[in-house]
Structures are given as structure tokens and as C-alpha cells.
Amino acid sequence: MKPVVKISNLKKKFRNKEILNDVNLMIYESQSLAIIGESGSGKSVLTKCISGLLDFDFGNIRYKDIYSLKNSNEKVKNQHISKFGILFQNAALFDSMNIYQNITFGNKKANILKILDAVGLNKDCLDTYPANISAGMQKRVGLARAIVTDPEILILDEPTTGLDPIMSIQINKLLKKLVAKQKLTTITITHDMSSVYEYADKVAFICDGNINWYGDIQDLKKTTNIKLKNFINGKIED
Amino acid sequence: MNLYKNILIFLGLIGNFFYSVMDSLGYKLFFFFSCIKSCVTPKFYPQLLLNQIFKIGFNSLPVVGLTALFTGMVLALQSYTGFSRFSAESAIPNVVVLSITRELSPVLAGLMVAGRSGAAIAAEIGTMKVTEQIDALKTLSTNPYNYLIAPRLIASVLSLPFLVFMGDIIGVFGGYSICVHVLNFNPNVYLVNTFNFLQFMDVFSGLVKASVFGLIISFMGCYHGFHASGGAQGVGLATTYSVVSSSILILFFNYLITSIFFSL
Ligand SMILES: Nc1ncnc2c1ncn2[C@@H]1O[C@H](COP(=O)(O)OP(=O)(O)OP(=O)(O)O)[C@@H](O)[C@H]1O
Ligand SMILES: [Mg+2]
């Protein structure tokens, strides 16, 4: 498999707080990577650096040996960002637009019915506004908006958080289908281990600003890494 | 030796202070030119521009109109008090129209719009910033400068002169109605006195001011909104900063532009 994005020695600080120090990670084509880790460990920050929404302080991010983000100009950066479809942690829907406008965003070619069906939304909600729908529905609209542009890489920041168990299973199934059928490259941040087992190929465990563990999903359960083990089983270190 | 060290620390503090001032000033200047650039480079959003012209220009009309009306009325009464003491009542129309067009209409409209639309711009963009909507725009291949800033900047630069011109007319009408109906001036004489001494430059300088104020208002709103952080509190701060800084800049630039026109 070919790497799409290669992250090397990435560091990111906010003021004097170091969030990421020395992250090395490969994102391979049509592979589904799950990023897990404690709350506040920098998962969202890492994906924002990968997609070019945040500048990093040190290290580099290369795209397929075509360009690298370090020292690149505005045009390259914008091109890079538009390769990604992102479901933000809080959905980040445009609250001045209704659901229809949110999903299509002026894109007339969008096959809205197919997309709605895919994320399990009813077309009755199309002319309501984001403030008037539930958080779970907002997540689904956010997902619809992320996939409608046929992005090369899909980033999902906690897609199932805030959804009921049934909806979570549905979303997991949908993501599995998307990954399998469209050969989509996805990066999923999640706390929900069931969605990791459902459709992830690779898992990266982020801890103390590093990728503490990286490997195949099959090896996850056999790991001897104490921190990772505790994280998966929800144990607290004594 | 200790004194020498303290002096060095002191100099270091001064240096740091100036460095940070210059750094933030430089960044603001850079941001300003990026904003201006976004107004003249595609992609353009005419629909959003129209929306903003409607919001900033048309919807501010009642506030600006009322302000101008009462200012014109008060101006007539006050100058009557002064001028009647040395029988110079005939100068009142002239004083009213000059003060309104050159000074009061632009400044008051500027301050009103800063409180009304400048705050709205900062709050809207600030909310979009802290809820990651601006990041979402970027992923949809939309440049937030072109999409959010350019329409607001252009709309306010175009709308303010329009508002000020309406304010001129309404303010003069306020003075006229007080003089004619309360102070028993002859209406025709009042109008003749108003327009006889009025020069093109008087109105024009007011409109130039208005454009500059429009630029200040929307730029400050966009700048503070774009740099909001930390949830609702951050958006509140951005709104406050935007109104305070644009009000002060309006008063400062008002003096600057007046002195430039004065020396012409
Ligand atoms: N813009 C910012 N300015 C300052 N600090 C920030 C900023 N964004 C994130 N941080 C800090 O970076 C750290 C990591 O944040 P991040 O959102 O990546 O966590 P996370 O791993 O996604 O957690 P969660 O699972 O709760 O979403 C946090 O401690 C946060 O305070
Ligand atoms: Mg997060």
C-alpha cells in the first residue's frame, strides 16, 4: 500500500504547553486508521495539523512525495485542505444556513437524496436550521457535508459520541461500507472501542504527545503495552 | 555590578515591550492588506455582498436617521441661544448645515454603526471562529477572507457614505423644523441661507470620512472576530474590543481627515 500522508517529527506547542512532541505516522491509501487516546491528549490537534488547518512548529507533513506542508505557500496549503472531508468534533455546521444549504454548500451536482439516505437522515429536516436539531442529527449532517465533496481523505472526529447506541451502530456500519466500497482513506478519532473494532485497519494510540503504540487491529488485544491495555479496558493505573 | 544588571533587565523589558507592540502592529497591518487583497481578487460573492449592504446600510437607517434628526434639532436650539445674544440669528442655518455635513453626521453615524454593525460583525465571525465553522469553510475550498471579510468590508465602505448623506438631509431638516416651527424663522430665508454658503467640499469631505469610518468599523469587527478564542466569553471580548477600538479610531481619523482637508 502506498502512503498518502507521511508525518515526521511533528511538534506543536500552544504558548508554552507542548501538545505534540515528535509524532511520526503514516497514512496509507484506502486504509482506515483509528486514533485513540485520552481526552486532551491532542488527537484533534493532530488531525488539524494533518489537514493543514493548524500550522505546526517543527517537523514535516508530506503528501505522496508531491509536496510538503513545511514552508509551503498559501496556495498549496489551500489545495491540501480541500483534499480532506472533515466531520468536526462539534459538527461545526453553518448556523446561518439550513440543513440543505449546509450539506450542498452551493454544490449543485450533489446527489442530496443519496447522501441523506447514506447518513440516515430524513428529507423533512432539509429546511430546518442546525440550532433546531439534536446533537446526533447535527453529527449526521456534519458527516453528510464531509462526504458530499468526495474527499480523498476523510477525517472523523468522534463520529459516534453523543449518539444513541442504535445510531452509533448504524453510523459504524455506514462508515464500514464507505471504507470498503469507495476505498476511502479515513482517519477516525474515537473513544468508542466498538467502532474501532468495527472498521479500523490500523490503530494509533497517542499518549504524552507521542504515538505510543501503532499497529494492526488484530494486535490491539494482544498488546503488552500497559498504558494501552489500561486505556482499552478502561482501567486506572494504581 | 548589581545596578548594571538591573539596568540591563530594565532595557530588556523596554525592548520586549517595543518588540511585542511592533509585532502585533505588523501582524495587524499584514491582516489588513490580506483583507484588502481579498476584496479585489476572485472569488466574489455578490449575493453575500447584497445581504451585507442590506444589513449594514439599510437596517442602520432608522438609528442614523434618528440620531441626525435630534442632533440637527438640538444644534439649532443651542446655536440660537448663543447667536441671539449678538443678533446673529441669520447665521444659524449655516452653522447647522456645516456642522452636520462636515462633522456630526459622519462621526455620529460612524459611532452608531460601530455599535450596531461592527459588534454584529465581530460576534458573527467570532462565533464562526470558536465553533470551527471557519475551519469547515476551508475544507469546502472556500477562502474565508473572500467569503466572510470581503463582503463586509465592501458593504460598509459603500453603505456609510449613503447613511451619512441621508443623515445630512435629515439633520438639516431637523434644524429647519426647529427654526421654522419653534423659533419662527422664515422658511424660505432659512433654506436660502442654508444652501447659499454650502460648498461641494463640505458634503464631500463628510462622505470621504464616512468611507474611511466604514472601513475601520468592518475591519475591526473582522479582525477581532477572526482572532476570537475560548467560547462565548471570547466572542464577548471580541465584540467589546471591536466596538471600543473602532470608536477610538473613528475619533482619531476624524481629526486626521479634518486636518488634511483643512490644509487643502
Ligand atoms: N487553539 C488552542 N489554543 C490553546 N490550546 C489548545 C488549542 N487547541 C487545543 N489546545 C489544547 O491542546 C490540548 C489537546 O487538545 P485536543 O482538542 O487535541 O484534545 P483531544 O485529544 O481531541 O481531546 P478530546 O478527546 O477531549 O476531544 C488540550 O489540552 C487543549 O487545551
Ligand atoms: Mg478532540
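Our structure's up above, just so we're on the same page.
Residues numbered from 1 in each chain as written. Chains lettered and ligands numbered in written order. Predicted model: local features only at pLDDT ≥ 70, side-chain atom pairs only at ≥ 80, totals over all residues. Heavy atoms only, no water.

**Notes on the pattern of salt bridges**
Residues and elements named next belong to chain B.
Stage number 1. Under the defined criterion, the tally for this structure stands at 12 salt bridges over all chains.
Stage number 2. Residue R152 is joined to E124 by a salt bridge in which the shortest nitrogen-to-oxygen separation is 2.8 Å. Taken as a pair, R152 in helix α6 (residues 144-181) and E124 in helix α4 (residues 92-130) lie far apart in primary sequence, 28 residues in all.
Stage number 3. Judged by its relative accessible area of 31%, E124 is partly exposed. (Salt bridge = Lys/Arg side-chain N within 4 Å of Asp/Glu carboxyl O. Helix = DSSP H or I, 4+ residues; strand = E, 2+ residues; numbered from the N terminus. Buried < 20%, exposed > 50% of the residue type's maximum accessible area, 1.4 Å probe, protein only.)

**Points about the environment of S242 of chain B**
Residue and element names in this part refer to chain B.
Stage number 1. Tracing the backbone through its elements, the reader meets S242 in helix α9 (residues 231-263).
Stage number 2. Taking the C-alpha atoms as reference, S242 lies 25 Å from Q47; in sequence the two are 195 residues apart.
Stage number 3. Other than its neighbours up to four places away in sequence, S242 contacts G118, A119, A122, M220, G221 and H224.
Stage number 4. A polar contact is formed between the side chain of S242 and the backbone oxygen of G118, at a distance of 3.4 Å. (Contact = heavy atoms within 4.5 Å. Polar contact = N/O pair within 3.5 Å; in protein donor to acceptor, adjacent residues only side chain to side chain.)

**Points about the side chain of N193 of chain B**
Residues and elements named next belong to chain B.
Stage number 1. Among the structural elements, N193 can be located in helix α7 (residues 187-196).
Stage number 2. Its relative accessible area of 17% is what places N193 among the buried residues.
Stage number 3. For N193, the contacting residues outside a window of four places in its chain are S90, P93 and N94.

**Regarding the site of ligand 1**
Residue and element names in this part refer to chain A.
Stage number 1. Taken together, 14 residues lie around ligand 1, and S39, G40, K43, S44 and Q89 are the ones closest in.
Stage number 2. At 2.8 Å from an oxygen atom of ligand 1 is found a main-chain nitrogen or oxygen belonging to G40.
Stage number 3. Protein chains bury 64% of the 630 Å² of accessible surface belonging to ligand 1 in isolation.
Stage number 4. When residues of the shell around ligand 1 are traced back to their parent elements, those giving at least two are β2 (17-28) and α1 (43-51).
Stage number 5. Element by element, the count of residues in the shell around ligand 1 is highest for α1, at 3 residues.
Stage number 6. Split by residue class, the shell around ligand 1 holds 3 nonpolar, 7 polar and 4 charged. (Near = heavy atom within 4 Å. Areas by Shrake-Rupley, 256 points an atom, 1.4 Å probe, with all protein chains shown as cover. Nonpolar A, V, L, I, M, F, W, Y, C, P; charged D, E, K, R; others polar.)

**A closer look at the sheet that holds strand β9 (residues 202-207) of chain A**
All names here are of chain A.
Stage number 1. The 6 strands are arranged β6-β7-β8-β3-β9-β10 in an open sheet whose pairing can be described as mixed. Since the sheet does not close on itself, it has two edges, and those belong to β6 (84-87) and β10 (210-216), each with one partner. Across the sheet, the mean angle from the axis of one strand to that of its neighbour is 15 degrees, orientation sign disregarded.
Stage number 2. Where strand β3 (residues 32-37) meets β9, 5 bridges bridge the pair, whose relative direction is parallel. Bridging from a neighbouring strand, G37 pairs with I206 of β9.
Stage number 3. Contacting β6 and β7 (153-157), helix α5 (residues 135-147) crosses the sheet at an angle of about 180 degrees to β6. (Pairing = 2+ DSSP bridges. Axes fitted to C-alpha atoms, helices over the stretch in contact; angles between N-to-C directions.)

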